[in-house]
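# Coordinates in review
This is what each chain is made of:
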Amino acid sequence: MARKEILRLMIGFRRFKERYFNKDESLYQKLSGQGQTPKTLIIGCSDSRVDPAIISSAEPGELFIVRNVANLVPPCISMDGVHGVSSAIEFAVENLKVENIIVLGHRQCGGIRALMESKGPFKKSFIGQWMQVSLAAKESVLKKYGSADFETQCLHCEMESIVISMENLKTFPFVRAAMRDRDMQIIGAYFDLEKGELLEYDQEQNGFRNILPD
């Protein structure tokens, strides 16, 4: 017998099907016939509390989403090896012609916490190796906020890591070409799940501001 968690997912699928399939000219009939044309690529975290589609109330077909530990973008260094995140970015930019790329970070990120807790060389683990992408964020935070408490350091590292990923995006030739030739935008966003706030990176101010201020 399926576990109750799986049964809940099955019931959820039934509701999904009733909403999107059990009607004439359903959204999925259009999407399956015309294909997907999302305007925005979101690079988000795998954290179960931070689903970009739920946060933005997006409909199917609106967003192309890449999720990984700590919403990181590695720099474009080599074509050798296996590059899941890089290939998804390439597909979104080159094939789907997205108009925006959003790097969406969040409060209480486990990947960033692991990065900040590491005392020396990274352990031989997938997470440890992956988080080296954002090692410069940790170094910057310790330099600026070395005397702050650990939670404050994590918060600043979560934000600093977004900026690093934004810069790493610009190391991909096809990203730079899309920014130059068709004004594709790169946006940094931060979801504070403790306060229910969404912040956007302001490049001129070199900081994050609330998208929906009081």
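Residues numbered from 1 in each chain as written. Predicted model: local features only at pLDDT ≥ 70, side-chain atom pairs only at ≥ 80, totals over all residues. Heavy atoms only, no water.

## Observations regarding the overall build of the chain
Across its full length, the chain carries nine helices and six strands. For the chain, the C-alpha atoms occupy an extent of roughly 60 × 50 × 45 Å along the three principal directions. In the chain, which comprises 214 residues, the proportion classed as buried is 37%. The contacts in the chain between residues at least 6 apart in sequence include a share of 64% that link residues at least 24 apart. (Helix = DSSP H or I, 4+ residues; strand = E, 2+ residues; numbered from the N terminus. Buried < 20%, exposed > 50% of the residue type's maximum accessible area, 1.4 Å probe, protein only. Contact = heavy atoms within 4.5 Å.)

## Remarks on the environment of Glu-194
The topology assignment puts Glu-194 in the loop between β4 (185-192) and β5 (197-202). Setting aside chain neighbours within four positions, we find Glu-194 in contact with Arg-107 and Gln-108. One polar contact links Glu-194 to Gln-108, side chain to side chain, over a distance of 2.6 Å. (Polar contact = N/O pair within 3.5 Å; in protein donor to acceptor, adjacent residues only side chain to side chain.)

## With respect to helix α4 (residues 84-95)
With 12 residues, α4 ought to run about 16 Å at 1.5 Å a step, and its terminal C-alpha atoms sit 16 Å apart, in line with that. Looking at α4, one finds that the buried residues are Val-85, Ser-86, Ala-88, Ile-89, Ala-92 and Val-93. One face of α4 carries all of its buried residues, which in axial projection span an arc of 165 degrees. Looking at α4, the residues exposed on the side facing more than 90 degrees away from the buried face are Gly-84 and Asn-95. The inward-facing, buried residues of α4 contact β1 (40-45), β2 (63-68), β3 (100-106), α6 (126-130), α8 (150-169) and α9 (173-182). Trailing α4 by a residue or two, Lys-97 shows a phi angle of about 55 degrees, which is positive. (Expected span 1.5 Å × (residues − 1). Arc of directions from axis to C-beta.)

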